[in-house]
Each structure stands twice: as C-alpha cells, then as structure tokens.
Amino acid sequence: MKPFFKTSLLGMSLAGIIFTSCSSGESVKADYDVVPVPFEMSSLQQSSFVLKNGVTVCFPKGNEMMKRNAEFLASYIKEQTGIELEVKEGDGQNDGIVLQLGLENENPEAYQLKVDGSKVVISAPTEAGVFYGIQTLRKSVSVNKASEIELPAVDIVDKPRFSYRGMMLDVGRHFFTMDEIKTYIDILALHNINRFHWHLSEDQGWRIEIKKYPKLTEVGAFRKETVIGRNSGKYDGKPYGGFYTQEQAKEIVEYAAQRYITVIPEIDLPGHMLGALSAYPELGCTGGPYEVWTQWGVSDDVLCAGNDKAIEFIQDVLAEIIEIFPSEYIHVGGDECPKVQWAKCPKCQARIKALGLKSDDKHTKEERLQSFVINAAEKFLNSKGRQMIGWDETLEGGLAPNATVMSWRGEGGGIEAAKQKHDVIMTPNTYLYFDYYQSKDTDSEPLAIGGYLPMERVYNYEPMPSSLTKEEQKYIVGVQANLWTEYVPVFSQAEYMVLPRMAALCESQWCTPDKKNYDEFLQRLVRLVDIYEMKGWNYAKHIFDVMLSLTPDSKNGTLDASVRTIDNAPVYYTLDGSEPTQQSNLYTDVVKINKPCVLRTVAIRPNGKSHVTTDTIKFSKSSMKPITMLQPINNQYKFTGESVLVDGMTGNMNYKTGRWLGFYKNDLEAVIDLKEPTEVSSLNMRTLVEKGDWIFGTRGITVSVSDDNKSFKEVVSRSYPAMNSTDPNKIYVYNLKFSPVKARYVKVKALAEHNIPSWHGGKGNPAFLFVDELTVE
C-alpha cells in the first residue's frame, strides 16, 4: 500500500491554513453557512446571542431523548470551544438555549433554529429534528477556543430532501473494532445521515454471532491469510478475522439510535457465502470442503438453492438477525451470485424442474432460481413484520410490492424498480462508491479497487432521474454511498476514503438541487474540516490541492491551463518538469501552452504547500485541432468530449480519470481537421485493456485522408485478432505508418470488439473500446 499521511504539511487543517484560531479570551462569530446548507435562512435585525460559560440548555420535563439531545449539544460545544453549558430540565421561559417539540411540519426531521438576543430556540416535530438543529448549531460554531461565541440573530427553517440518508460499511473483507464502528457512526451523525448499512457477511468472513449456528463465527469468521494487493497470487501468511457478538451488535444499535441512526444489517445471500459454507459445507452444492476465501472477488461456491436445509438456514439466520436489529428493513444482498454450481447441481436442477422454471430471452432458469431464494427470504421477513431491501439484481424474476431496491449498477436498476412501483435507494457505483480513487495521481494514493471518484463528482450527483415521471419519482426515497473494504485494511484508511466525500454526499441527501453550488460548498467545508481535525479523523487532503483545468483551444492551437484553489492561495508553476517553488512562475491568468512540456503546479500557503500536480503534454500535427465524431462516445465515459483525443495527454491504467474515452456498441470514427493541407505519414493510437471489465483492444484501424472533408482516400488499414484469455491487461500501442501524403482532413476508424470471445464470461456481448489519444505525424 502507498503511504498516506495523517500529519504533515499536507495534513494541516484547512482552517489552520486560512485562518488563525482564536485564543482563549477572544470572542468569535458563528457562521450558519454549514454543511449541509439549510433550506431557508433569514437574518433578523436583532442583537446577537452570546454563548458563554454557564448558559443553560433546557429540555422538556420527563423526556429522556431530549435530555440526551441537550447533553450532546453541551458536549459538542465544550469539545469545540471549551465553553461549558448547563443542562437543565424546564420549559425554557428564561434566557438560554431551549430545545422543544411542537413545530408544525409534515417532515418529521425538520427543525427551526431561531436566535435572538435573549435565547436560542431549536424546535421540531420530533426529537430527531431537534438533533439535526443541534448539528447545525454545532457546525456554525466550528472549532474556536474562545470565552464567548457570538450567535447572530437568525431564523432557520430546515428539512431533509430524502427520508433515507445512508452510508454503508463492509466489515466482511476487513473487520473493524467496536470503538471504530462507533466512530463511524459519529461521523455519520455529523453529516445528518440517518441509516447505517452494516454489511456483515462475505466470502472472506462472517461477522455476526448466530447462536443456532456457532461455527459461523468459530470457523467462518477467520481466514488463514490474505492476498497481497489485487489478487497477486502472493499471500501475507497471517491469520485474520473477527466478529461481533449479539450483545455487541445490540450495543451498536443502541449507540446509533441515540444519534437517530437506524442500523440496517445485511446478510448477503445466496452468493458471497463462502464464510458460511466453510462452517457448514452441507449447505453448498458440492458439500465442500470449503475454506474462508483468502483472495478478493466473488466465489463460484454459493448456497445450494435446491437444498431445503439451505432455505432453512436462511430463515434461521434472519430470525436471529431481527431479534438483534429492530429496523423495519433487513438487507438480504442478492447481488453477484454466480450460477456455475447451480447449472450442474442435481438438487438445484431438480428444484428448477419442480418449480417449472424456464430460460427465456431475459433470464436463464438458474437466474430465475435465485428469485425463488430471494422470495423465500422476503416472505419470511414479511411474516415477522419486516421488509426486505436487496441490491438491484433482486429485480430479476419479480419482487413483492413492498420490497425496496438498492440500485448500485448505475441508475438503470433504480429507474426500472421505480417504474415497477418499488421504493428505491440510489447508490450508483459511478457516483457513490467510496472505495474508488479520489485522485488521478493514483501512485500517491493508498491502494484502491480502481475507478476515479473525486469529491466534485460526488457533489454533482442528482439522485432523481429525469427520465421518471413525477409520480414515479416518488419511489426514489433515499440516497446512499458505500465503502467496500477489500483494500481498506485499517480504520484510518476508511476515514480517508469517506472524508470529506461524505460531506458532498450529505448535501445530495439533504438539499434540493437549487440549494447546491460546488464553489460555495467548498467554502462551507472549511469549518467542517476543522471538526474532522479536532476529532483526529484522517480525512483526505485533496481539497488543499490546485484545481487544474486543461482545455484544448482548437482556434489558437493551444492547451489552456487555468487553476484555482479553495482559498485563492497563490499558485506557482513550471513548464520544464522541475519542482515549483515560490521562485517559479506565479499564476495570474490562463497559461496558453503551444509546445511540449511537463506542467507542474503547487499552491503555497504560509503554513505549508499542497500536493504538486504533474501533467506531461505532447504536441503532434493533430494536437489541439478541431475533431468531429462520426460515431458516438458512450455517455458514461464521455467526460469532456472528443477533444480528449487530441489534447496531447495520455492516460494510465485507470480508465475513469477523464483521460480515456469509451465506445460501446459502436466503433470509434472521427475526423481531425488539420486546418490546412499538411504532410502526414503515421497514426499512433493507444487502447486500454481491462478484460474483467469487458474492455478489449481494437479489431482494426483504418486511416483515410481528404482535402474537402467529403471524399476520403484510404491510406492504411490494419486488422487485429480477437484477444486471448492470456493477453495481459495493459495499454496497447498501435503505430500505423503509410506513404507521406498531403491532406487537410484525417479520418480514423478503430473497430471495437463486437463479439466477446467464448472464453470470457461476457461471451457474445459487445466489448468497450477505450482510446486516449490520436497522434498524427
């Protein structure tokens, strides 16, 4: 794993870089522009309230939940400022802070925060609403060690957009302690998140005590060793595991409930079950022997759907789960269940025959068998007064009307579920999988599963699909982000992966779209980050970095570099690859690059400097020239569009950074306008191959030229064989040379693989083609 730094120049708090914290004895002013931004906020023409030692926090007589709310507020203020408040029971007729119920609002989590010269009143329909008002007050104060805090007079009326605001943590791949789980819940509470999705079972380990099946934790919770890196074939040789007793799980449930967070447990079935099969091999199709998986990915060994004991096992486990977790919803997984064993298992085939299941154009009979298993789990939960949540694969074969679908494979599953009138929680991997890299500079990041998910992309996610009607949109009830932990071995790294991206998430969960503005969000994030720092949470420091935009200017033939920082810190740059310092070029306006260079930038502040960005830029005859696509770029991988192919920059093996363009179900076909007749004699093209993600190389490249952009003459064409299973995943370079010819327009056509070979799991389907640069010389 690459190192990541908890304390260093890059690890300073942002407020520490921008501001100087107030010393004891000074007065500071609160700022209500917090994360998430309140729905309505009006300044009042009245005097401010002064928060200082001895101010009372009153709560309604006999209400233990409100008493706890008051204690939370007092503890937050003391921790962040040193000011000690007095918690007392009463109606709040005197001056001070008053917590009260009775606000009339249809949203039970709404609140009003009203401040004037004599008192602060937080009112809500429910105790949960009061808690969110407390969070806003707490964040407005931020971290200021001062004797007094001035609270400007204000009237805030706020409410969440979505009733389900979730965050998932996978403890199956890597296990986290009770204290770490509680810290995770504290992080959720700060971000107004009200659902903790606890992923408790995996091929790599079973994590919850089930008394009827003691071997689940005696055997299934421990693996003999763990693979090093991405299934490298090398192992660390160290036994690994852990689990939560039922009493410990109940303790977590109570801890979360005190912070108005519902714990939703997940027992993933019928796949992801090797932990269970290792303990009870008779539940599998082959009878074993099995062992808890020591590598990543998904095992082909799953629960035997034709075995009545496996169905009984599911019901027994869920029976104990609902005794531990009082949540209305129980998550049963249902994702990524290989059907390899079922296809050759006599019991499964007998079950298929008995149920009369048939394959059709949409689903195989084995896929329909999975619906039988999911429905059995769902019916059992319904019989106990509970409801089921499942990943979007559970749609296959039909669900009961009260089942909720969690859409992770993009938004398609959620859209389909809403059309079928199922409640939907949006958690698309392309926006909300926090195990993805958050920086393009992956060499400087801790090892991650892949992808690229910067905070701005998280922030800009709009959960309500425009393709749905208003009536269908009512079924989109929530938004959730997920942290899978194959490559997250320690909790400090879990913090690093979710913070501050969770802040971006919570504005999508809480705020209406018209309230969102990314630049303003970054300013609000300042004080929130200071709370992270105070708590010792290991948040990612990318917000300190230079935000660099590189845009081809085809009119002038330049690559235009523009930069900004969160706090307008001075930015220095070099064009020769040397380390930028305060003696380097100071950025003042757009830098127009017209020749090959290595651009490096850094923001330098009084207390330290940011991470240095590095971009290698090359120029060819096609660089920064107009380009027109004759076949479309796949929308999911379009990024900034066709100019990516002529911007002089190449990508690495991460195809989600914006340096690669993706093509699916059609070829790459583009015309480059060299703007004047130019002698050309070669084309260089690069493709990325990642066969596991259905990304293959090209099957052929043809180059044609024209003087009028109408009549083209072919100058070179090459065909390439279909890829073999032994061909490595890497970047492939194609260099086509031809006799020198003078032309203004160059057409490039690169054929995608339209029929994935039979050795691949996606056989017969079209593959993706990814290209980063078309270099004409």
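Nothing here was measured: the structure is a model prediction, and the numbers come from that model.

*Asks:* Lay out the overall build of the protein in plain terms, naming residues and giving numbers.
*Replies:* Check the secondary structure of the protein and you find 18 helices and 37 strands. In terms of overall size, the protein behaves like a compact globule, its C-alpha atoms giving a radius of gyration of 29 Å where 777 residues would be expected to give roughly 28 Å. For the protein, the spread of C-alpha atoms along the principal axes amounts to about 90 × 75 × 55 Å. Taken across its 777 residues, the protein has 58% of its residues classed as buried. Summarising the internal contacts of the protein: among those between residues at least 6 apart in sequence, 73% fall at separations of at least 24. Entry remark: accessible area of the protein is about 31200 Å², with carbon and sulfur atoms responsible for 47%.

*Asks:* Provide a residue-level description of the pattern of salt bridges, including the pertinent values.
*Replies:* Under the criterion given, the structure shown has 30 salt bridges. The salt bridge involving Arg 173 is made with Glu 202; its shortest N-O contact spans 3.4 Å. Here Glu 202 lies in strand β13 (residues 201-202) and Arg 173 lies in the loop between β11 (164-170) and α4 (178-190), a separation of 29 residues in the sequence. In this structure Arg 173 comes out as buried when scored by relative accessible area, which is 4%. Residue Glu 486 is joined to Arg 173 by a salt bridge in which the shortest nitrogen-to-oxygen separation is 3.5 Å. Here the residue Glu 486 occupies a position in the loop between β22 (476-483) and α16 (491-498), and Arg 173 occupies one in the loop between β11 and α4, the gap between them amounting to 313 residues. The pair Glu 486 / Arg 173 is uniform in exposure class, with both members buried. Linked by salt bridges that have partners in common, Asp 170, Arg 173, Glu 202 and Glu 486 make up one network.

*Asks:* I'd love a proper account of the packing of aromatic side chains, names of residues and values included.
*Replies:* Tallied over the entire structure, the rule returns 35 aromatic pairs. Consider the rings of Tyr 655 and Phe 770, whose centres lie 5.0 Å apart with planes at 55°: the pair is tilted. Note that Tyr 655 is positioned in the loop between β31 (627-629) and β32 (661-664) and Phe 770 in strand β37 (residues 768-776), a separation of 115 residues in sequence. Given a relative accessible area of 0%, Phe 770 falls into the buried group. An aromatic cluster of at least three residues, connected via ring pairs, comprises Phe 72, Tyr 76, Phe 131, Tyr 132, Tyr 260 and Trp 510. Of note, Arg 165 hangs over the ring of Tyr 132, and the distance from its end group to the ring centre comes to 5.2 Å. Here the guanidinium or amino end of Lys 541 rests over the ring plane of Tyr 539, the centre of that ring lying 4.3 Å away.

*Asks:* Provide a residue-level description of the sheet that holds strand β3 (residues 49-52), including the pertinent values.
*Replies:* Through backbone hydrogen bonds, the strands of a sheet pair up, either in parallel or in antiparallel fashion. Judged by pairing direction, the sheet is mixed, and its three strands sit side by side in the order β1-β9-β3 without closing on themselves. The open sheet is flanked by β1 (27-29) and β3, the only strands paired with a single partner. Sheet twist, expressed as the mean angle between neighbouring strand axes with direction ignored, is 25°. Direction of pairing for β1 relative to strand β9 (residues 148-151): parallel, over a ladder of three bridges. Bridge pairing in β9 links Ser 27 to Glu 148.

*Asks:* Give a description of the pairing of β9 that names residues and reports values.
*Replies:* Going residue by residue along β9, you find Ile 149 and Leu 151 tucked away on one face and Glu 148 and Glu 150 left uncovered on the opposite face. With four bridges joining them, β3 and β9 adopt antiparallel strand pairing. Looking at β9, one finds that Val 50 is bridged to Glu 150.

*Asks:* Before we move on, could you go through the environment of Pro 108 and cite the residues and values that matter?
*Replies:* Examined against the element boundaries, Pro 108 turns out to sit in the loop between β6 (96-101) and β7 (111-115). Given the relative accessible area of 45%, Pro 108 is considered partly exposed. Here Pro 108 is in contact with Pro 125, Thr 126 and Gly 129, once residues within four sequence places are set aside.

*Asks:* Tell me about the nonpolar core, and name the residues and values.
*Replies:* Within the largest apolar cluster, 176 residues are counted, with the highest numbers of intra-cluster contacts made by Leu 151, Met 167, Phe 196 and Trp 198. With 37 residues, the next largest nonpolar core counts Val 689, Val 716, Leu 736 and Ala 750 among its residues.

*Asks:* Lay out the sheet that holds strand β17 (residues 262-269) with the relevant residues and their values.
*Replies:* With respect to topology, eight strands assemble into a closed barrel ordered β11-β12-β17-β18-β19-β20-β21-β22, the strand pairing being parallel. Shown here is a sheet whose adjacent strand axes are inclined to one another by a mean of 30°, direction ignored. Looking at chain direction, β11 and strand β12 (residues 195-199) are connected through five bridges and run parallel. Paired with Met 168 across the strands is His 197, a residue of β12. Along the sheet, helix α17 (residues 501-510) makes contact with β11 and β22, crossing β11 at roughly 150°.

*Asks:* Account for helix α8 (residues 308-324), naming residues and giving values.
*Replies:* Counted at 1.5 Å a residue, the expected span for α8 with its 17 residues is 24 Å, and the 25 Å between its end C-alpha atoms agrees. Buried within α8 we find Ala 310, Ile 311, Phe 313, Ile 314, Asp 316, Val 317, Leu 318, Glu 320, Ile 321, Ile 322 and Ile 324. The opening residue of α8, the one whose side-chain oxygen lies 2.8 Å from the backbone nitrogen of Lys 309, is Asn 307.

*Asks:* Explain the state of the cysteines to me, using residue names and the numbers behind them.
*Replies:* As enumerated under the stated definition, the model contains zero disulfides in all. Note on Cys 304: no disulfide assigned, nearest cysteine sulfur contributed by Cys 345 at a separation of 3.8 Å. With no disulfide of its own, Cys 348 lies closest to Cys 345 among cysteine sulfurs, the gap being 3.7 Å. The exposure class of Cys 348 is buried, given its relative accessible area of 0%.

*Asks:* Account for unusual backbone geometry, naming residues and giving values.
*Replies:* Looking along the chain, the bond that leaves Leu 269 and enters Pro 270 is cis, with omega of 0°. On the secondary structure map, Pro 270 appears in the loop between β17 and α7 (274-279). At the junction of Leu 499 and Pro 500, the peptide bond is cis and its omega measures out at 5° in the coordinates. The backbone of Asn 231 shows a phi angle near 45°, a positive value even though the residue is not glycine.

*Asks:* Give me helix α10 (residues 346-355): which residues, what numbers.
*Replies:* Looking at α10, one finds that the buried residues are Cys 348, Arg 351 and Ile 352. Along the long axis of α10, the arc covered by the buried residues comes to 100°, so they all point the same way. Along α10, the residues that are exposed and aim more than 90 degrees away from the buried face are Pro 346, Lys 353 and Ala 354. At the C-terminal side of α10, Gly 356 shows a positive phi close to 70°.

*Asks:* Just give me the short version of the packing of helix α3 (residues 127-141) against helix α18 (residues 518-535), but keep the residues and values in it.
*Replies:* The geometry of α3 relative to α18 is characterised by a closest axis approach of 8 Å and an angle of 90° between their N-to-C directions. By the angle class used here, α3 and α18 are roughly perpendicular. Listed contacts from α18 to Arg 138, Lys 139 and Ser 140 of α3 are Arg 527, Leu 528 and Ile 531. Within the contact of α3 with α18, the residues separate by chemical class into two nonpolar, one polar and three charged.

*Asks:* Can you explain the environment of Tyr 487? Please cite residues and give values.
*Replies:* Considering the arrangement of structural elements, one finds Tyr 487 in the loop between β22 and α16. Judged by its relative accessible area of 12%, Tyr 487 falls in the buried class. As a C-alpha pair, Tyr 487 and Pro 446 span 41 residues in sequence and 8.4 Å in three-dimensional space. With residues near it in sequence (within four places) discarded, Tyr 487 still touches Gly 229, Arg 230, Trp 296, Leu 447, Ala 448, Ile 449 and Gln 493.

*Asks:* Please provide a residue-by-residue account of the environment of Phe 176, values included.
*Replies:* By the secondary structure assignment, Phe 176 is in the loop between β11 and α4. The sequence separation of Phe 176 and Ile 389 amounts to 213 residues, and the corresponding C-alpha distance is 24 Å.

*Asks:* Could you give an account of the side chain of Asn 192, naming the residues involved and the relevant values?
*Replies:* Along the chain, the position of Asn 192 falls in the loop between α4 and β12. At 3.3 Å, the side chain of Asn 192 forms a polar contact with the side chain of Lys 139. Among residues more than four places away in sequence, those in contact with Asn 192 are Pro 36, Tyr 132, Gln 135, Lys 139, Arg 165 and Trp 510.

Parameters and conventions
Residues numbered from 1 in each chain as written. Predicted model: local features only at pLDDT ≥ 70, side-chain atom pairs only at ≥ 80, totals over all residues. Heavy atoms only, no water. Helix = DSSP H or I, 4+ residues; strand = E, 2+ residues; numbered from the N terminus. Rg over C-alpha atoms; globule rule 2.2 N^0.38 Å. Buried < 20%, exposed > 50% of the residue type's maximum accessible area, 1.4 Å probe, protein only. Contact = heavy atoms within 4.5 Å. Areas by Shrake-Rupley, 256 points an atom, 1.4 Å probe, with all protein chains shown as cover. Salt bridge = Lys/Arg side-chain N within 4 Å of Asp/Glu carboxyl O. Phe/Tyr/Trp six-rings, centres within 6.5 Å; stacked < 30°, edge-to-face > 60°. Lys NZ or Arg CZ within 6 Å of the ring centre and 35° of its normal. Pairing = 2+ DSSP bridges. Axes fitted to C-alpha atoms, helices over the stretch in contact; angles between N-to-C directions. Core = buried A, V, L, I, M, F, W, Y, C linked by side-chain atoms within 4.5 Å. Expected span 1.5 Å × (residues − 1). Polar contact = N/O pair within 3.5 Å; in protein donor to acceptor, adjacent residues only side chain to side chain. Disulfide = S-S within 2.5 Å. Arc of directions from axis to C-beta. Parallel < 35°, antiparallel > 145°, perpendicular 65-115°, else oblique. Nonpolar A, V, L, I, M, F, W, Y, C, P; charged D, E, K, R; others polar.

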